[in-house]
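Structural overview
Below, each chain spelled out in residue letters.
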Amino acid sequence: MTIELAVDPAGLPDDDAEAPRRAWLAPATAHGVRLDKVLAAAVPEYSRNHLQALMALGHVQLDDVVVDTPSRKVRAGQRISIELVPTAQSQSFHAEALP
């Protein structure tokens with residue numbers, strides 16, 4: 001599925017934020033599509049399963065309202081925002097100094 005999302009300037013990453021936040025306005029092509037599918041198309045570097053977990057933890061919003069239901073249908077023009085908390089696996093790796 002190809003969904004082109006227009007970046008919402010209010011959702012650009014904040015340098016001071018702990019986890020990056022992204023936001024988009026849902027296009028007509030996303031109308032009626034499950035929220036988790038829209039997010040998976042918009043943020044391909046994260047698995048759909050991880051995005052669903054972020055929803056359950058309250059890191060996803062539609063029109064500034066927290067959404068925890070992956071099957072929620074998106075409407076064209078809605079503002080989608082997500083706080084991209086890294087996966088537990090990616091946080092377990094730490095750089096070590098070379099000898």
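An account of the accompanying structure is given in this report. (Residues numbered from 1 in each chain as written. Predicted model: local features only at pLDDT ≥ 70, side-chain atom pairs only at ≥ 80, totals over all residues. Heavy atoms only, no water.)

Comments concerning helix H2 (residues 48–56)
What counts, and what does not: Buried means the residue's accessible area, taken with a 1.4 Å probe over protein chains only, is under 20% of the maximum for its type, while exposed means over 50%, and partly exposed covers the values in between. Secondary structure elements are defined from DSSP: runs of H or I of at least 4 residues count as helices, runs of E of at least 2 residues count as strands, and each element is numbered from the N terminus. Note that the arc is computed from the directions linking the helix axis to the C-beta atoms. We call two residues contacting when some pair of their heavy atoms lies within 4.5 Å.
Of all the residues in H2, the buried ones are His50, Leu51, Leu54 and Met55. Looking down the long axis of H2, one finds its buried residues gathered within 150 degrees of arc, a one-sided arrangement. Facing away from the buried surface of H2 by more than 90 degrees, the exposed residues are Asn49 and Ala56. In this fold, the buried residues of H2 make contact with helix H1 (35–42), strand S3 (60–62) and strand S5 (79–83). Just downstream of H2, Gly58 is the residue with a positive phi angle, here 85 degrees.

Comments concerning the nonpolar core
Applied cut-off: The definition of a nonpolar core used throughout is a set of buried Ala, Val, Leu, Ile, Met, Phe, Trp, Tyr and Cys residues joined through side-chain atoms within 4.5 Å.
Residues Leu35, Leu39, Leu51, Val74, Ile80 and Ile82 are the most contacted members of the largest nonpolar core, which totals 19 residues. If sequence neighbours within four positions are ignored, Leu39 has contacts with Trp24, Leu51, Met55, Val60, Ile80 and Ile82.

Some points on the environment of Met55
Tracing the backbone through its elements, the reader meets Met55 in helix H2. As for Met55 and Glu83, which are separated by 28 residues in sequence, their C-alpha atoms are 9.5 Å apart. With residues near it in sequence (within four places) discarded, Met55 still touches Leu35, Asp36, Leu39, Val60, Val67, Asp68, Thr69 and Pro70.

Focus on the pattern of salt bridges
As a reminder of what qualifies: By salt bridge we mean one thing: a side-chain nitrogen of Lys or Arg within 4 Å of a carboxyl oxygen of Asp or Glu.
Using the criterion set out here, one finds 5 salt bridges in the structure. Notably, a salt bridge pairs Asp64 with Arg79, separated by 3.2 Å at the nearest N-O pair. Remark: Arg79 occurs in strand S5 and Asp64 occurs in the loop between S3 and strand S4 (65–66); sequence separation between them is 15 residues. By relative accessible area, which is 17% here, Arg79 ends up buried. One salt-bridge network, held together by shared partners, links Arg34, Asp36 and Arg48.

Description of H1
What H1 keeps buried is the set Leu35, Asp36, Val38 and Leu39. Seen from one end, H1 has its buried residues packed into an arc of 160 degrees, which puts them on one side. Residues of H1 that are buried sit in contact with strand S2 (21–25), H2, S3 and S5.

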